[in-house]
Amino acid sequence: MILITGGTGYLGGRLASYLRKLNFEVRIGGRKASADSYGMDYSDDSSLEVSCKEISTIIHLACMNAQSCEKDPELSFVINSIGTLKLLKAAEKEGVSRFIYFSTAHVYCSPLIGEINEEFLTQPIHPYSISKKCAEDFVIEASINKRISGTIFRLTNAVGSPVNPEANCWMLVANDLCRQVVLNKHMELYSNEYTKRDFVPISSLCHVVYSALLSDNISSEIVNVSSGIGLTLRELTDLIVERSQKVLGFKPTVNFNDESVNDDQKNLIISNSKLNRLGIKVDVDLANEIDQILLNCTKWF
């Protein structure tokens, strides 16, 4: 039995659906109890312990997002850091054997520039990345002391459609741009077109988790989940234009409002070599995920 915290959210919803199709038993942990999910109150130890009963592996995705963390840094520490510690303690008490924690590549630095691997010095400077790094340390400590087998995935930018339109994902660049295409037949960006980011299809993310569940090699590891390729925002919009022509039958227009040029923005590689050495390959093709976002946006918006 696998517990996915944040299992009603953007990534959790996709991951839960994927694992269930592969016949894994999945328990969903969410903010509120429902017919499909356990209500998890991170201020209530007994609530967490109940959620962890008969669980073999926890995939911990639940957290405050970056925007919410910036608004309330103190609460970000309570939820993202202390919440993870409390969940670890509940997991240990209930005999959970594995704990997979989803962190962020932004623990390295902000903005992300240069060539980055898992040996890169971490310098988080935003309440979100600071709280995630602290949570990482709690997982590492529990794993080193063999109270649980912990794995940390430092994720870059996941690209894909949520399972429903209510998911809190429409501020993410690829999702926002696809929705703009459907609503306006136009994409408006306030970032520089040369800015590079690393994008990972959610389908690849699901495959990484599946591979980790089947392997002992990735236990007690910190691993980047990345494409290993820096994609400029211009290249991303070009891809969305191409896919829109293919699946929607029209070519949207694009406008970048920031014309400044910064050479640092042109250099970004977040290595996935460690993931490859562990025997897990990442499919970096975003086309299918972009297609599905566009098609779902036509239904939802």
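Since we're looking at a predicted model, the values are computed, not measured. (Residues numbered from 1 in each chain as written. Predicted model: local features only at pLDDT ≥ 70, side-chain atom pairs only at ≥ 80, totals over all residues. Heavy atoms only, no water.)

One can find Glu118 in the loop between strand E6 (114–116) and helix H5 (127–144). Of the buried charged residues, Glu118 lacks a salt bridge, with Arg277 as the closest side chain of opposite charge at 5.5 Å. A polar contact is formed between the side chain of Glu118 and the backbone nitrogen of Asn224, at a distance of 2.8 Å. Leave out the neighbours within four places in its chain, and Glu118 touches Tyr108, Arg154, Ile222, Val223, Asn224, Ser271 and Lys274. (Helix = DSSP H or I, 4+ residues; strand = E, 2+ residues; numbered from the N terminus. Buried < 20%, exposed > 50% of the residue type's maximum accessible area, 1.4 Å probe, protein only. Lys, Arg positive; Asp, Glu negative; His and termini not counted. Salt bridge = Lys/Arg side-chain N within 4 Å of Asp/Glu carboxyl O. Polar contact = N/O pair within 3.5 Å; in protein donor to acceptor, adjacent residues only side chain to side chain. Contact = heavy atoms within 4.5 Å.)

Take unusual backbone geometry next. Here the bond from Ser110 into Pro111 is cis, since omega is 0°, no more than 30 degrees from zero. You can see Pro111 is positioned in the loop between strand E5 (98–104) and E6.

Taken residue by residue, helix H2 (residues 45–52) has Ser47, Leu48, Glu49, Ser51 and Cys52 as its buried positions. Next to the buried residues of H2 lie strand E1 (2–5), strand E2 (26–30), strand E3 (37–39), strand E4 (57–60) and helix H4 (73–93). Two residues or fewer past H2, Glu54 is found with a positive phi of approximately 65°.

Another point: the pattern of salt bridges. Where charged atoms from two side chains of opposite charge come close, those side chains can pair. Counted by the stated rule, this structure contains 12 salt bridges. For Lys86, the salt bridge goes to Asp45, with nearest N and O atoms at 3.3 Å. In this pair, Lys86 is assigned in helix H4 and Asp45 in helix H2, connecting sequence segments 41 residues apart. Through salt bridges with shared partners, a single ionic network connects Glu92, Glu141 and Arg147.

Tallied over the full model, the rule gives five aromatic pairs. Taking the centre distance of 6.1 Å and the plane angle of 90° together, the rings of Phe24 and Tyr210 count as edge-to-face. Here Phe24, found in the loop between helix H1 (10–21) and E2, pairs with Tyr210, found in helix H7 (residues 202–214); they are 186 residues apart in sequence, far enough to count as distant. For Phe24, a relative accessible area of 22% gives the class partly exposed. Ring centres of Phe102 and Phe153 lie 5.4 Å apart, and the angle between their planes is 50°; this geometry places the pair in the tilted category. Residue Phe102 is found in strand E5, and its partner Phe153 is found in strand E7 (residues 149–155); the two are separated by 51 residues along the sequence. Phe153 matches Phe102 in its accessibility class, with the two residues each being buried. Aromatic rings pair up to connect Trp170, Trp300 and Phe301 into one cluster. The cationic tip of Arg27 hangs over the ring face of Tyr38; the distance from NZ or CZ to the ring centre is 4.5 Å. Stacked on the ring of Phe301, the Lys or Arg Arg179 has its end atom at 5.2 Å from the ring centre. (Phe/Tyr/Trp six-rings, centres within 6.5 Å; stacked < 30°, edge-to-face > 60°. Lys NZ or Arg CZ within 6 Å of the ring centre and 35° of its normal.)

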